[in-house]
Amino acid sequence: MIIDTILSGDRPRSRLLGALLMAAFLALAFAPFLFPGTKALGVASRICIFIVLAASYDIVLGYTGIVSFAHAMFFGIGAYGVAIALSNLPVGWGAIFIGLGGALVVSAVLAVAIGFISLRLRALYFSMMTLALASFALIVATQLRDITGGEDGLTFSLPHLLAVSYRPFAAPVLGVRIDGRIVTYYLVFTAATALFLLMLRIVNSPFGRVLQAIRENEFRAQALGFSVVLHRTLAGTIGALMATCAGALLALVLRYNGPSASLSFEIMVDSILLMTVVGGMGTLYGPLLGAIVIVLAQYYLQPGMAALAEWTDGVPLLPHLFNPDRWLLWLGVLFVLIVYFFPTGLVGRMRGWTEPDE
Amino acid sequence: MPILETRALTIRFGGHVAVNAVSCAFEAGTLTAIVGPNGAGKTTFFNLVSGQLPASDGQVIFKGEDITALGPHLRTRRGLGRAFQLTNLFPNLTVLENVRLAVQARLHPRVDLFSMAARHRELLDAAHGYLDRVSLGHRARTRASVLSHGDQRKLEVALMLALEPDVFMFDEPTAGMSVDEVPVLLDLIEAIKQDTSKTILLVEHKMDVVRRLADRIVVLVNGTLVADGKPAEVVALPVVQEAYLGIRRKEAAHG
Ligand SMILES: Nc1ncnc2c1ncn2[C@@H]1O[C@H](COP(=O)(O)OP(=O)(O)O)[C@@H](O)[C@H]1O
Ligand SMILES: [Mg+2]
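Residues numbered from 1 in each chain as written. Chains lettered and ligands numbered in written order. Predicted model: local features only at pLDDT ≥ 70, side-chain atom pairs only at ≥ 80, totals over all residues. Heavy atoms only, no water.

**Student:** Let's hear about the overall build of chain A: which residues, and what values?
**Tutor:** Counting secondary structure elements, chain A contains 18 helices and two strands. For a compact globule of 358 residues, the expected C-alpha radius of gyration is about 21 Å, and chain A comes in at 21 Å, within 12% of that figure. Within chain A, buried positions represent 54% of all 358 residues. Restricting the contact set of chain A to residue pairs at least 6 apart, pairs at least 24 apart contribute 75%. Carbon and sulfur atoms make up 70% of the accessible area of chain A, which totals about 15,900 Å². Distance between charge centroids for chain A: 5 Å, based on 20 positive and 17 negative side chains. (Helix = DSSP H or I, 4+ residues; strand = E, 2+ residues; numbered from the N terminus. Rg over C-alpha atoms; globule rule 2.2 N^0.38 Å. Buried < 20%, exposed > 50% of the residue type's maximum accessible area, 1.4 Å probe, protein only. Contact = heavy atoms within 4.5 Å. Areas by Shrake-Rupley, 256 points an atom, 1.4 Å probe, with all protein chains shown as cover. Lys, Arg positive; Asp, Glu negative; His and termini not counted. Charge placed at Lys NZ, Arg CZ, Asp CG, Glu CD.)

Spelled out as C-alpha cells, the structure:
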C-alpha cells in the first residue's frame, strides 16, 4: 500500500498515536492559515526543525545506544554553513547550497572521526569526550569573530523568494497575506517532512534492522557477520548529516545565526535530549511528539503561567508558584513526571509492546 | 587439505593458559566431537577459532588461508558458523526477526539504507524455513526472551543454520534441554552430517550421543589436547577414562 511505502511500513501501531500524528501533520501543513501571526509561524517552523533534529539524534541514541553530547554541534555547523555563505557570497540559492554542502562535508568528516574514536573509548569516556568536543565547538564559534561574528553572530539576507518583503500574490489567500516568511515556512515544512520520512525509511531498511540488532546484542550481531564498527559509524554520520540539514533550515528561518541560536548546551540538553527521551527513544515518532510538546512548552508555558499567576492573584502561594520566572522549574517537573510514568516515552506508552514484523 | 586447522593455538589469561598449543586439523565432511571436563577450554578453543577471542599465539587456517587476524564477522562471512553455549540471542526481537537477521547477513550482506526490510519476502520466507527445521515455526511471532530454555537453544541453532556455513560449531547444544527436546537437535545434526560437504565440530558431554555421531573424538584437559582418534579407541584410553569419569562424577554431584 502507498501509505506503507510513505511510512516505510512503520505504522503508528496505536490509534491515539495515529490520530496525533495526523493532527500534527495537518496543523503544521496549514499552520500559516490556522494560526496566523509571526510568533505562531516561528513556533511552527521551530517544531518542524526540531522534529528533524530530535529524530536525527534518535538514530544515534535510540537506534545505536551511543550517548553523544556533540549532536548540537552538527546542528550548529549546518546553521553556520548557511549563515557564513549568505554573509560572504552573493545572496542567492547558490550560496545556500554551497553553505549547506560545505557544512555537510565538515559534519561527515567529524562524525566519522567521532565514530572511530568511540571504538577506542569506553561509553562513559566517550560521552565525556563528546561533551568536551561540544564546548570546543562553542569556543571556536565565539572566537573566530571574523568568520562567525563571535557572540553577536551573523545576520544576513535571503534570496528574493524568501525575503520578508516578497509578495507572490496581490490579494490575501484565505484571509492571510502571503509573504516571504510564509514561503520560507513552506520550504522548511517540506524539507522537514521529506527528511523525517527519509529517516523513517532508513530505520526500517535492512540497515536499520542491523542497527536494532546491534542495540540488542552487539556481540551476536558481530557473530552473524555484521560489522558493528561500520554500522555504528554510518548511523552516527547519518544522524550528523540530518542535524546539519536541520541547522541550515534554522538559519533560513531566523535570517540570523549565533552561538546561542544553534550551538548552546541548552539546545543539546533542554531540547534534543529532552525531546528524544520524553517522546520515546528508538521509535522516531517519539522524538516527533517530543519536539512538539517541548517546543510548545518552551513558548507557551511561560506566558500561560503569567496568565495563571494573574488569574490567581490574591490567592495565597499560588501566584508565586505560577510566577513566569519559574517556567523552567515546571518544565523540569513535566520532564520528571513523563520519565517516571512513561519510562519508554510517550510513544512507548501508547504502543505497548507489539510485533515489529510484517 | 583440511578445511580448518589450528596450529599451536594458545590463549593466556594473565598467567592462566586456557588453551595451550592446540594443533588440530578438521577434514571437510567429518564430525569431530570435542570432549573434556568443565573448564578444560573447549568453549575458549571455539572462541579462538571463530574469532570472539584473539589468540595469544598460534594460527587458525581456514580454507587454506590464515584467518588469525580477522575479526569474528569476517570469519562468519567466510563460512564459519557458531552456536553459543550460553544462549546469545536478540531478546527483544521476535523469534522470526532473530533468524531473519541471520538470513539477511548471508543473502543481503551489503549496506542497504533505502529499501524496506519488510518487503524482502525472500528473507522472511527463508527465515520461516529455518524455524521449521528446528520445530519453532509456531513461535515465530513470539519475543525471543520469553521462549523456554529449550526453545532458546533451538533458536540459537536456527541462527547458525540460517548462515549456511561450511563449518558448524555446536557448543553443548543439548545442555539443559528436556529429554523429549533432545532428539530434534540430534536429528538435525545428523541431517547436516548427511551433507558430505559440511564439517561439524561438536562439544558434547553426553557420551552416548558422541559415540553415535562422531567420526573422531578430540579430548581437551586443562587446555591441552591429550587424545585424538576414532571414538572406540579414544574412549578406551586411560586419560579419557579419567577425564570422562571425572565428568560423570561431577554430573552425579550436580544431581
Ligand atoms: N575471558 C576470560 N577471561 C579469563 N578467563 C577465562 C575467560 N574465558 C575462559 N576463561 C577460563 O578458561 C578456562 C576454560 O574455560 P572454558 O573454555 O569455558 O571451558 P569449557 O568450555 O571446556 O568448560 C576456565 O578456567 C575459564 O575460567
Ligand atoms: Mg564450555
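**Student:** Which residues make up the pairing of strand β4 (residues 57-62) of chain B, and what are the values?
**Tutor:** Residues and elements named next belong to chain B. Sheet topology places strand β1 (residues 4-13) next to β4; five bridges connect them, and they run antiparallel. Within β4, the residue paired with T10 across the bridge is D57. Here β4 runs beside strand β5 (residues 65-66); their pairing, made up of two bridges, is antiparallel. When the sheet's bridge partners are listed, I61 is paired in β5 with D66. In this structure, the hairpin formed by β4 and β5 is closed by a connection of two residues, where K63 is found at a positive phi of approximately 50°. (Pairing = 2+ DSSP bridges.)

**Student:** So, the coordination of the magnesium ion (ligand 2): which residues are in play, and what are the values?
**Tutor:** Residues and elements named next belong to chain B. T43 (OG1) and Q85 (OE1) make up the full set of protein donors to the magnesium ion (ligand 2), lying at 2.0 to 2.2 Å. Residue T43 is found in helix α1 (residues 42-50), and its partner Q85 is found in the loop between β6 (80-83) and α3 (95-107); the two are separated by 42 residues along the sequence. Of the residues examined, T43 reaches a relative accessible area of 25% and is grouped as partly exposed. Owing to a relative accessible area of 26%, Q85 belongs among the partly exposed residues under this scheme. (Donors = N, O, S within 2.8 Å, 3.2 Å for Na, K, Ca; no water.)

**Student:** Explain the domain arrangement of chain B to me, using residue names and the numbers behind them.
**Tutor:** All names here are of chain B. For chain B, the assigned domains are domain 1 (1-79 + 165-255) and domain 2 (88-164). The distance between the C-alpha centroids of domain 1 and domain 2 comes to 25 Å. The interface of domain 1 with domain 2 comprises 19 residues on the first partner and 15 residues on the second. Overall, the association of domain 1 and domain 2 removes approximately 1,300 Å² of surface from exposure, summing both partners, and the carbon and sulfur fraction of that is 67%. Looking at the side of domain 1 facing domain 2, the largest losses of area belong to P165, V184 and L188, adding up to 33% of the total buried there. Taken together, domain 1 and domain 2 are joined by zero salt bridges. For the pair domain 1 and domain 2, the number of links is two residue pairs in polar contact (both at pLDDT 80 or more). Secondary structure elements with two or more residues in the side of domain 1 that touches domain 2: α2 (72-78), β7 (167-171) and α6 (182-194). Within the side of domain 1 that touches domain 2, the residues separate by chemical class into 11 nonpolar, two polar and six charged. (Domains from an automatic or database assignment. Buried area = accessible area lost by both parts, 1.4 Å probe. Salt bridge = Lys/Arg side-chain N within 4 Å of Asp/Glu carboxyl O. Polar contact = N/O pair within 3.5 Å; in protein donor to acceptor, adjacent residues only side chain to side chain. Nonpolar A, V, L, I, M, F, W, Y, C, P; charged D, E, K, R; others polar.)

**Student:** Requested: an account of the nonpolar core, with residues and values cited.
**Tutor:** Soluble globular proteins tend to bury their nonpolar side chains together. Grouped together as the largest cluster of nonpolar side chains are 99 residues, with contacts concentrated most on I49, F50 and L284 of chain A. When residues of this core are assigned to their parent elements, the largest contribution, 17 residues, is made by helix α4 (residues 38-64) of chain A. Not counting the four nearest positions on each side in its chain, I49 of chain A is found in contact with F75, V188, A246, L249, L250 and V253 of chain A. If you look at the next biggest cluster of nonpolar residues, it comprises 61 residues, including V210 of chain A together with A83, M207 and V235 of chain B. (Core = buried A, V, L, I, M, F, W, Y, C linked by side-chain atoms within 4.5 Å.)

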